[in-house]
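If you want the building blocks of each chain, they are given just below.
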Amino acid sequence: MPTDTTRPNSWDFGLDSAIPDLGSSGDVEVSSTDFSDTYYDTEDRDLLAHGTTVVFLDGGDEEGREPGWRVTTPSTGEDIAEQIDAPSTAVPSVIADALWGLSGGKPLRVAAIVHTHRTRHRHLDATGEHAYDVVDDTVSATVTGPVATATSWREVGVQAESNAIPKSVRKRMAGAGARPASASSTFERAIGHEVPRPAAPASPAAGAVLDYVREQIATIFAGDVALRRGANPVHGVRVAIRRLRSTLRTAAPLFVPEGLSDLDTELQWFAGVLGEVRDREVLRARFASAVADLPDELVLGPVAARIEEELSAQQHHHRQTVTDEMRSDRYRGLLSTLGTWNESVPLADDQISTKQVRQIATRAARKADKRLAHALETGNEEDLHRARKAAKRARYAGELAAPVVDKSMGRSQAKRYKRIQTVLGEHQDSAVAARALRELGAGAGVRKGENGFTYGILYQRELAAAAAAREAVLSGKN
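What counts and what doesn't
Residues numbered from 1 in each chain as written. Predicted model: local features only at pLDDT ≥ 70, side-chain atom pairs only at ≥ 80, totals over all residues. Heavy atoms only, no water. Phe/Tyr/Trp six-rings, centres within 6.5 Å; stacked < 30°, edge-to-face > 60°. Helix = DSSP H or I, 4+ residues; strand = E, 2+ residues; numbered from the N terminus. Buried < 20%, exposed > 50% of the residue type's maximum accessible area, 1.4 Å probe, protein only. Lys NZ or Arg CZ within 6 Å of the ring centre and 35° of its normal. Salt bridge = Lys/Arg side-chain N within 4 Å of Asp/Glu carboxyl O. Pairing = 2+ DSSP bridges. Axes fitted to C-alpha atoms, helices over the stretch in contact; angles between N-to-C directions. Parallel < 35°, antiparallel > 145°, perpendicular 65-115°, else oblique. Left-handed = near helix turned anticlockwise from the far one by under 90°. Nonpolar A, V, L, I, M, F, W, Y, C, P; charged D, E, K, R; others polar. Contact = heavy atoms within 4.5 Å. Core = buried A, V, L, I, M, F, W, Y, C linked by side-chain atoms within 4.5 Å.

Per an unreviewed UniProt entry, the chain carries the name CHAD domain-containing protein and comes from Gordonia terrae NBRC 100016.

> Before we go on, may I ask you to explain the packing of aromatic side chains in this structure?
What characterises a pair of aromatic rings is the spacing of the ring centres plus the angle enclosed by the ring planes. Under the defined criterion, the tally for this structure stands at six aromatic pairs. With a centroid separation of 5.4 Å and 45° between ring planes, the pair formed by Phe255 and Trp341 is classed as tilted. One end of the pair, Phe255, is in the loop between helix 7 (234-250) and helix 8 (260-293); the other, Trp341, is in helix 10 (residues 329-343), with 86 residues separating them in the sequence. Across this residue pair, the class does not change: Phe255 and Trp341 are buried. Feature note: the residues Tyr40, Phe56 and Trp69 constitute an aromatic cluster, connected by ring pairs. Looking at Arg416, its charged tip hangs above the ring of Tyr417, at a distance of 4.7 Å from the centre.

> Explain the pattern of salt bridges here, please?
Opposite charge on two side chains makes pairing possible when the charged atoms of those side chains draw close. Summed over all chains, the structure comprises 25 salt bridges. One salt bridge connects Asp12 with Arg189, and the closest N-O pair in it is separated by 2.9 Å. Of this pair, Asp12 sits in strand 1 (residues 10-13) while Arg189 sits in helix 5 (residues 186-190), and the two are 177 residues apart along the sequence. A salt bridge links Glu399 to Arg395; the shortest N-O distance between them is 3.6 Å.

> Got a minute to help me understand unusual backbone geometry in this structure?
In most cases, non-glycine residues show a negative phi, while peptide bonds are predominantly trans. Although it is not a glycine, Arg45 sits at a positive phi angle of roughly 60°. For Arg45, the location among the structural elements is in the loop between strand 2 (28-41) and helix 1 (46-49). The exposure class assigned to Arg45 is buried, which follows from its relative accessible area of 8%.

> How should the pairing of strand 3 (residues 53-57) be read in this particular structure?
Strand residues, when the strand is regular, have side chains that alternate between the two faces of the sheet. Strand 3 sits mainly inside the fold: five of its five residues count as buried. Neither face of strand 3 is open: one carries Thr53, Val55 and Leu57, the other Val54 and Phe56, and all of them are buried. With four bridges connecting them, strand 2 and strand 3 associate as antiparallel partners. Along strand 3, the bridge assignment pairs Asp37 with Leu57. Direction of pairing for strand 3 relative to strand 4 (residues 68-73): antiparallel, over a ladder of five bridges. Bridging from a neighbouring strand, Thr53 pairs with Thr72 of strand 4.

> How should I be thinking about the packing of helix 8 against helix 9 (residues 303-325) in this particular structure?
Pairs of packed helices are described in terms of their axes, by the angle between the two and the distance that separates them. Contact geometry of helix 8 with helix 9 gives a least axis separation of 9 Å together with a crossing angle of 165°. Here helix 8 lies roughly antiparallel to helix 9, going by the angle between them. In this structure, helix 8 meets helix 9 at a crossing whose hand is left-handed. Within the contact of helix 8 with helix 9, the residues separate by chemical class into 12 nonpolar, five polar and seven charged.

> Would you mind showing me how to read the packing of helix 6 (residues 204-228) against helix 7 here?
Helix 7 packs onto helix 6 with a crossing angle of 150° between their chain directions and a minimal axis gap of 9 Å. Between helix 6 and helix 7, the angle falls in the class roughly antiparallel. The two elements helix 6 and helix 7 meet at a crossing, and its hand is left-handed. Across from Tyr212, Val213, Gln216, Ile217, Thr219, Ile220, Gly223 and Leu227 in helix 6, the residues of helix 7 making contact are Val234, Gly236, Val237, Ala240, Ile241, Arg243, Leu244 and Thr247. Of the residues contributing to the contact of helix 6 with helix 7, the split by class is 10 nonpolar, five polar and one charged.

> I tried to follow the nonpolar core on my own but got confused; where do I start?
Across soluble globular proteins, nonpolar side chains show a tendency to be buried alongside one another. Core analysis: the largest hydrophobic core is formed by 78 residues, its most contacted members being Val209, Phe255, Leu267, Phe270, Leu338 and Trp341. Per element, the largest residue contribution to this core is 12 residues, and it comes from helix 6. Setting aside anything within four residues of it in sequence, one finds Phe270 in contact with Ile241, Met326, Tyr331 and Leu334. If you look at the next biggest cluster of nonpolar residues, it comprises 15 residues, including Leu294, Val303, Ile307 and Leu311.

Okay, structure coming up:
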């Protein structure tokens, strides 16, 4: 998005200052253009708190500036670019609906109108080839609110196709009194005094905890946007929820206790809603592969088509349930709590020590080892499931600790328990698949031209896979 990006090669200039001679060895081509951008947000700047901007571009004569709407959501790893023929006085519903979770359902209104007069100096080298551009922007912004405010500034940027700006250019800019641009985007510059900035962590360990928690929250919110756009981020969101819930449990003493249990309950609820979709998605892929691997003579009837039909219908039903729940007051409350945590994670004491984080990882590892030993002794399916969950928590505790403890206590712990989790997960997946096949096979037996023969073979293979996974655990191959 050309009007709302980080500008590492930009400098603040006085409105009446002259750009210095940058030592160009060739000609300089000069062109000018004017354009306006209208930014939208809630009155409380909820979108900005999530690093998201909504802007309507009027086009102008600047190359690469097509008129239309742009939405930048850094946490999703992609930009939503909507070419919509709609006036800048109303945010199109396709954008407002996609950002409902980030905005808290609040209306999106004009937050700032930014007008830019741009003069572009295109520098050529001695051979007449393009060397770099100096982009001189004089900007005036009007910020809306109870009392409208107007600001003006001048920003000069240097752009090169290779992104390698000559050192001589940097030195001459600094020598002319230029200073690095004070904000990463035009919108932030316009309302810089209102941009929320989390306080710096009191210790490296506190920073590791805050970063880990906020990373999971950002993934959940990014997933909210993706889900509302019809994408399928279910697996990633569920993993982020698991990581966050695990941290709330293993690192509970680090947080203010009030509301901790309630947040865990609500996260568990939404993870369960998503899980119904994910389970069918996994089973569809698993069974399609399993049927394809069978010899033709063992596949009696339209087995693959029937499984796909049944599970696809179930998945669609549960995906609609997700959509419905995402409109509920309960889900709105969960997002509100996560938004509050994102702004200020409620640490019981911001003076977290490396020792505390190390102890959290150690305790989680010991608990996982204890549960695994018990499961190895009993071979009970429920005990193996509990061991798997403990291994996940030990893995995530290792991830949490990795930035501030030695390697053996961090990344190595996460890696070890990921292996254990994988083996135990295969046992769990096989057990779930076997139950699903039993239900599918029972239904096939009552349809004309179909029978449960192939389902029985698949069922037996899943039991064998579960037994093999159990044996791998019992033999210590993890």
